[in-house]
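# Observations on the three-dimensional arrangement
These are the residues of each chain, in order.
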Amino acid sequence: MEVPILKQGAVLIATFQAALSDADLNQLRMGLVQQVVKFRSRAVIVDVTAMDVMDSFASRTLREIAHMIRLRGAETVIVGIQPEVAFAMVQLGLTLEGVATALDLEEGLAYLNEKFKTAN
Amino acid sequence: MSAGEIQVAINSDQDIVSARQKGRQMATELGFSSGDATLIATAISELARNIVAYAQKGQVTLKMVNGLNRRGISVVATDAGPGIPDIRQALRDGFSTSGSLGLGLPGVRRLMDEFEIISQPGRGTTVAVKKWRQ
């Protein structure tokens with residue numbers, strides 16, 4: 001299942017609609033990096049509210065996405081990690097070190113607004 | 001609400017998703033909390049991932065188990081792949097976890113209540129885990 005990517009001004013918003021396979025995640029990584037370049041986006045929000053499980057592959061891919069996008073000079077925020085998913089991630093020993101996270105889409109946008117304000 | 005036994009063939013990354021979804025469904029049917037069902041689904045995802053990554057194909061068997069005054073779920077991941085030459089090393093944290101080549105086995109052990117592994121180089125690996133309902 002492909003992840004739709006919405007363009008909202010200088011921000012791209014990718015919203016998971018369901019559980020994703022590894023192939024879907026790889027496709028998302030390519031799609032996001034390409035669109036950040038195409039639209040000269042300043043930030044990306046990945047909304048994982050609908051994600052059932054964050055295993056080692058998914059968290060590694062999200063970390064890679066954030067790092068690639070940072071190399072383009074843009075910012076990534078992961079939003080919507082469910083409490084149970086967060087608990088399982090910690091038990092499994094997975095971290096999203098160096099990647100910004102926020103409670104939900106609204107908080108993610110607020111975080112970016114604040115960040116851009118201080119930068120200007 | 002019959003839980004029975006479910007076998008999921010693991011041949012591709014799509015099957016990882018299907019195995020963990022079936023596991024979550026069975027866990028929910030058995031009365032596990034949604035938090036525990038997520039832990040079980042995550043463990044299944046990692047075990048199925050190891051099969052795809054190291055053995056290409058295998059299977060995951062999900063089963064209801066009865067203990068003394070308690071009920072639980074058993075997950076058995078089997079493959080006929082290359083096996084794990086050094087199980088002790090594979091069970092050590094840091095060798096696995098979030099790294100790129102990890103087996104995630106110490107993490108799976110923490111997610112579940114019981115953990116058993118049998119592996120023979122050249123013959124395959126079986127990881128059997130259980131979680132009991134709180």
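Residues numbered from 1 in each chain as written. Chains lettered and ligands numbered in written order. Predicted model: local features only at pLDDT ≥ 70, side-chain atom pairs only at ≥ 80, totals over all residues.

Let's shift gears to the pairing of strand E3 (residues 43-47) of chain A. All names here are of chain A. With respect to burial, E3 is a largely interior element, five of its five residues being buried. Along E3, one buried face is formed by Ala 43, Ile 45 and Asp 47 and the opposite face, lined by Val 44 and Val 46, is buried too. Both E3 and strand E4 (residues 75-79) contribute to a ladder of five bridges, which runs parallel. Directly across from Val 44, in E4, lies its bridge partner Thr 76. Taken together, E3, helix H2 (residues 56-71) and E4 form a β-α-β motif whose crossover is right-handed. (Buried ≥ 20, exposed ≤ 12 C-beta atoms within 10 Å, placed from the backbone. Helix = DSSP H or I, 4+ residues; strand = E, 2+ residues; numbered from the N terminus. Pairing = 2+ DSSP bridges. Right-handed = clockwise from strand over helix to strand, strands pointing away.)

Residue placement: Thr 101 of chain A occurs in strand E5 (residues 100-102). Residues Thr 101 of chain A and Ile 81 of chain A lie 20 residues apart in sequence; the distance between their C-alpha atoms is 8.4 Å.

Here we come to the sheet that holds strand E1 (residues 5-10) of chain B. Strand pairing in a sheet is mediated by backbone hydrogen bonds. Such pairs are either parallel or antiparallel. Residues and elements named next belong to chain B. Pairing in this open sheet of five strands is antiparallel, and the strands run E1-E2-E3-E5-E4 from one edge to the other. Here the strands that pair on one side only, and so sit at the sheet edges, are E1 and strand E4 (114-120). Across the sheet, the axes of successive neighbouring strands diverge by a mean angle of 15°, strand direction being ignored. Across seven bridges, E4 lies against strand E5 (residues 124-132) in antiparallel orientation. Note on E5: the bridge partner recorded for Ile 117 is Val 127. Its contacts with the sheet put helix H1 (residues 13-29) on E1, strand E2 (58-67) and strand E3 (70-79), and the angle it makes with E1 is roughly 165°. In this fold helix H2 (residues 34-55) packs onto E1, E2, E3 and E5, with an angle of close to 15° to the strand it touches most, E3. (Axes fitted to C-alpha atoms, helices over the stretch in contact; angles between N-to-C directions. Contact = placed C-beta atoms within 7 Å.)

Next up on the list: the nonpolar core. One finds Ala 43, Ala 48 and Val 60 of chain B to be the most contacted residues of the largest nonpolar core, which totals 63 residues. Leave out the neighbours within four places in its chain, and Val 60 of chain B touches Val 8, Ile 10, Ala 19, Ile 44, Leu 47, Ala 48, Val 75 and Ala 77 of chain B. (Core = buried A, V, L, I, M, F, W, Y, C linked by C-beta atoms within 7 Å.)

With 25 residues of chain B at the interface, the matching set in chain A holds 20 residues. Listing elements by their share of the side of chain B that touches chain A, those giving two or more residues are H1, H2 and helix H4 (105-111) of chain B. It is H2 of chain B that contributes the most residues to the side of chain B that touches chain A, nine residues altogether.

A word on the confidence of the model for chain B. All names here are of chain B. Predicted confidence across chain B gives a mean pLDDT of 90, with 90% of residues reaching 70 or more. Per-residue pLDDT stays below 50 along residues 96-101; that stretch engages in 17 contacts with residues further than four places along the chain or on separate chains. Two summary scores accompany this predicted model of the complex, namely pTM at 0.92 and ipTM at 0.91. (pLDDT = per-residue confidence, 0-100.)

Next up on the list: H2 of chain A. Here H2 of chain A spans 23 Å end to end across 16 residues, near enough to the 22 Å set by a 1.5 Å rise per residue. Every buried residue of H2 of chain A is accounted for by Ser 56, Phe 57, Ala 58, Ser 59, Leu 62, Ile 65, Ala 66 and Ile 69 of chain A. Among the structural elements, helix H1 (22-39), E3, E4 and helix H3 (83-92) of chain A together with H2 of chain B are those in contact with the buried residues of H2 of chain A. Looking one or two places after H2 of chain A, you find Gly 73 of chain A, whose phi comes out positive at around 85°. (Expected span 1.5 Å × (residues − 1).)

Position of Gly 31 of chain B among the secondary structure elements: in the loop between H1 and H2. For the pair Gly 31 of chain B and Thr 42 of chain B, spaced 11 residues apart in sequence, the C-alpha separation works out to 17 Å.

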